[in-house]
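Tertiary structure, described
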Amino acid sequence: MFAVIKTGGKQYRVAANDVITIGKLEGEAGSAVTFGEVLLYADEAGATQVGAPLVSGISVAGEIVEQTRGPKVIAFKKRRRQNSRRKRGHRQDLTVVRVTGIGAA
């Protein structure tokens with residue numbers, strides 16, 4: 001059994017007990033989270049439901065494992081012979097989620 005969910009403008013294929021890293025969600029470690037935007041659902045028998053755009057009556061439940069940050073990304077621009085340069089850094093805030101179940105909403 002698996003589902004394709006949409007969160008933070010991205011899509012993730014998830015199954016029970018999967019651990020995924022997604023964009024930051026509000027909440028502390030150990031708190032429950034529910035994903036209602038399910039785009040595709042497949043059960044054990046092999047029957048697949050494809051949403052147009054969402055599958056109704058199905059939701060994905062999860063638990064926040066931790067709030068973390070991604071790797072450091074450096075953007076460096078330099079214009080040669082102009083004594084001009086710019087350095088900017090960025091670290092994305094992320095949330096690690098364990099999927100606890102997929103089922104009826």
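Here goes a summary of the coordinates provided. Residue numbers restart at each chain and count upward from 1, following the sequence in its written direction. Predicted model: local features are reported for residues with pLDDT of at least 70 only, side-chain atom pairs are reported and counted for 80 or more only, and whole-chain, interface and lining totals are derived from all residues. With hydrogens and water set aside, each side-chain value is computed from the structure's full complement of heavy atoms.

Looking at the sheet that holds strand β4 (residues 32-35)
We count it as follows: In short, DSSP must find at least two bridges between two strands for them to pair. Numbering of helices and strands starts at the N terminus; helices are DSSP runs of H or I of at least 4 residues and strands are runs of E of at least 2. As a rule, the C-alpha atoms of each element are fitted with a line to give its axis, helices using only the stretch in contact, and angles between N-to-C directions run from 0 to 180 degrees.
The strand order β3-β10-β7-β4 describes an open sheet built from four strands, whose pairing is antiparallel. The open sheet has two free edges, formed respectively by β3 (19-23) and β4, since each of these has just one partner strand. Geometrically, the sheet is characterised by an average inter-axis angle of 45° between neighbouring strands, direction not taken into account. Note: β3 against strand β10 (residues 93-104), five bridges, orientation antiparallel. The residue of β10 that forms the bridge with Ile22 is Thr95.

Brief notes about the sheet that holds strand β6 (residues 48-50)
Pairing within the open sheet is antiparallel, and its four strands lie in the order β2-β1-β5-β6. Looking along the sheet, the strands with just one partner apiece sit at the ends: β2 (10-15) and β6. The sheet shows a mean angle of 15° between the axes of neighbouring strands, direction not considered. As paired elements, strand β1 (residues 2-7) and β2 share six bridges and run antiparallel to each other. Directly across from Lys6, in β2, lies its bridge partner Gln11.

As for the nonpolar core
This is how the line gets drawn: We call a set of buried Ala, Val, Leu, Ile, Met, Phe, Trp, Tyr and Cys residues a nonpolar core when their side-chain atoms join them within 4.5 Å. To sort residues, take the accessible area from a 1.4 Å probe on protein chains only and compare it with the maximum for the residue type: under 20% means buried, over 50% means exposed, and anything in between is partly exposed. Should any heavy atoms of two residues lie within 4.5 Å, those residues are considered in contact.
Val14, Phe35, Val38 and Val60 are the most contacted members of the largest nonpolar core, which has 18 residues in total. When residues of this core are traced back to their parent elements, those giving at least two are β1, β2, β3, β4, β5 (38-42), β7 (58-69) and β10. Non-local contacts of Val60, meaning those with residues more than four positions away in its chain, are made with Ala3, Ile5, Val14, Val33, Thr34, Phe35, Val38, Val99, Gly101 and Ile102.

Overview of the environment of Ala105
Mapped onto the fold, Ala105 is located in the segment after β10. For Ala105, a relative accessible area of 80% corresponds to the exposed category. The spatial distance from the C-alpha of Ala105 to the C-alpha of Thr68 is 29 Å, given a sequence separation of 37 residues. Residues in contact with Ala105, not counting those within four places in the same chain, are Gly57, Ile58 and Ser59.

Re the pairing of β4
Here β4 shows one buried face, formed by Val33 and Phe35, and one open face, formed by Ala32 and Thr34. As paired elements, β4 and β7 share four bridges and run antiparallel to each other. If you follow Val33 over to β7, its bridge partner there is Gly62.

These results come straight from atomic positions and should not be treated as a statement about function.
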